[in-house]
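Fold and geometry: a report
Okay, here's what each chain looks like letter by letter:
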Amino acid sequence: MKKITRQASVATLLFLLAPLGALSVHASGSMSAPTGSSNDAYSQGKSIFFKQVVCTTCPYAGRGKDASDAKALRDQLNMADSKLKLGSDDKQAVNAYLSERFRLSNIDKK
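The rules behind the values
- Residues numbered from 1 in each chain as written.
- Predicted model: local features only at pLDDT ≥ 70, side-chain atom pairs only at ≥ 80, totals over all residues.
- Heavy atoms only, no water.
- Helix = DSSP H or I, 4+ residues; strand = E, 2+ residues; numbered from the N terminus.
- Buried < 20%, exposed > 50% of the residue type's maximum accessible area, 1.4 Å probe, protein only.
- Polar contact = N/O pair within 3.5 Å; in protein donor to acceptor, adjacent residues only side chain to side chain.
- Axes fitted to C-alpha atoms, helices over the stretch in contact; angles between N-to-C directions.
- Parallel < 35°, antiparallel > 145°, perpendicular 65-115°, else oblique.
- Left-handed = near helix turned anticlockwise from the far one by under 90°.
- Contact = heavy atoms within 4.5 Å.
- Disulfide = S-S within 2.5 Å.
- Salt bridge = Lys/Arg side-chain N within 4 Å of Asp/Glu carboxyl O.
- Phe/Tyr/Trp six-rings, centres within 6.5 Å; stacked < 30°, edge-to-face > 60°.
- Lys NZ or Arg CZ within 6 Å of the ring centre and 35° of its normal.

1. A short note on the side chain of Ser82
Turning to its location among the elements, Ser82 is positioned in the loop between α3 (67-77) and α4 (88-101). Among the residues examined, Ser82 registers a relative accessible area of 6% and is labelled buried. Here Leu84 takes part through its backbone oxygen, which lies 3.0 Å from a polar atom of the side chain of Ser82.

Structure, rendered in structure tokens:
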């Protein structure tokens, strides 16, 4: 009799815990933006920024670590005599990354 009670207890416990497992599966992970969204420009800009703009061997190595320097760097990248010549699309992507990452639109208004 004790064996049946123990099996029933385990089965009941598993039955009650099953919904919790399903909830945790659905709640984990991160949400991704749909393709073609501004998240694509942010991700592309971030990649270009770290691989071509501020890497250890890049023209602006070590720059862009705070909002004021990121704004100055963004302005320099957009100048015609910039140390780094980015294509129009790459420049827009880097601008999108810096603007969103450091909330530069708020700084521009000051």
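This is not the end of the story, as more comes after the structure.
2. Regarding the packing of α3 against α4
Between two packed helices, both the angle of their axes relative to each other and the distance between the axes serve to describe the pair. Running from amino to carboxyl end, α3 crosses α4 at an angle of 170 degrees, the nearest separation of the two axes being 10 Å. Here α3 is positioned roughly antiparallel relative to α4, judged by the angle of their axes. For α3 against α4, the interelement crossing comes out left-handed. Every residue of α4 that contacts α3 at Ala70, Arg74 and Leu77 is listed here: Lys91, Val94, Asn95, Leu98 and Ser99.

3. Looking at the state of the cysteines
Tallied over the full model, the rule gives one disulfide. The residue that forms a disulfide with Cys55 is Cys58, at a sulfur-sulfur distance of 1.9 Å. Handedness of the Cys55-Cys58 disulfide follows from its S-S torsion of about 90 degrees: it is right-handed.

4. Considerations on the pattern of salt bridges
Taken as a whole and assessed by the stated rule, the structure comprises three salt bridges. Across the pair Asp69 and Arg63 runs a salt bridge whose closest N-O atoms are separated by 2.8 Å. With its nearest N and O atoms 3.2 Å apart, the salt bridge here joins Lys71 to Asp75. Here Lys71 and its partner Asp75 are both found in helix α3, four residues apart, which amounts to about one turn of the helix.

5. Remarks on the environment of Ala96
If you trace the backbone, Ala96 turns up in helix α4. Spatially, the C-alpha atoms of Ala96 and Ala41 are 6.3 Å apart, while their sequence positions differ by 55 residues. In this structure, Ala96 is in contact with Ala41 and Tyr42, ignoring residues within four places of it in sequence.

6. Focus: the side chain of Asn95
Take Asn95: it is sitting in helix α4. Only 3.1 Å separates the side chain of Asn95 from the side chain of Asn78, close enough to count as a polar contact. If near-sequence neighbours (up to four positions away) are discounted, Asn95 is found in contact with Arg74 and Asn78.

7. Observations concerning the packing of aromatic side chains
On inspection of all chains with the given rule, the structure shows four aromatic pairs. The interplanar angle of 85 degrees and the centroid separation of 5.2 Å between the aromatic rings of Phe49 and Phe50 together place this pair among those described as edge-to-face. A relative accessible area of 1% places Phe49 in the buried class. Phe50 gets classed as partly exposed once you look at its relative accessible area, which sits at 45%. Counting every residue linked through ring pairs, the aromatic cluster contains Tyr42, Phe49, Phe50 and Tyr97. If you follow Arg101 out to its NZ or CZ, it ends over the ring of Phe102, 4.6 Å from the centre.

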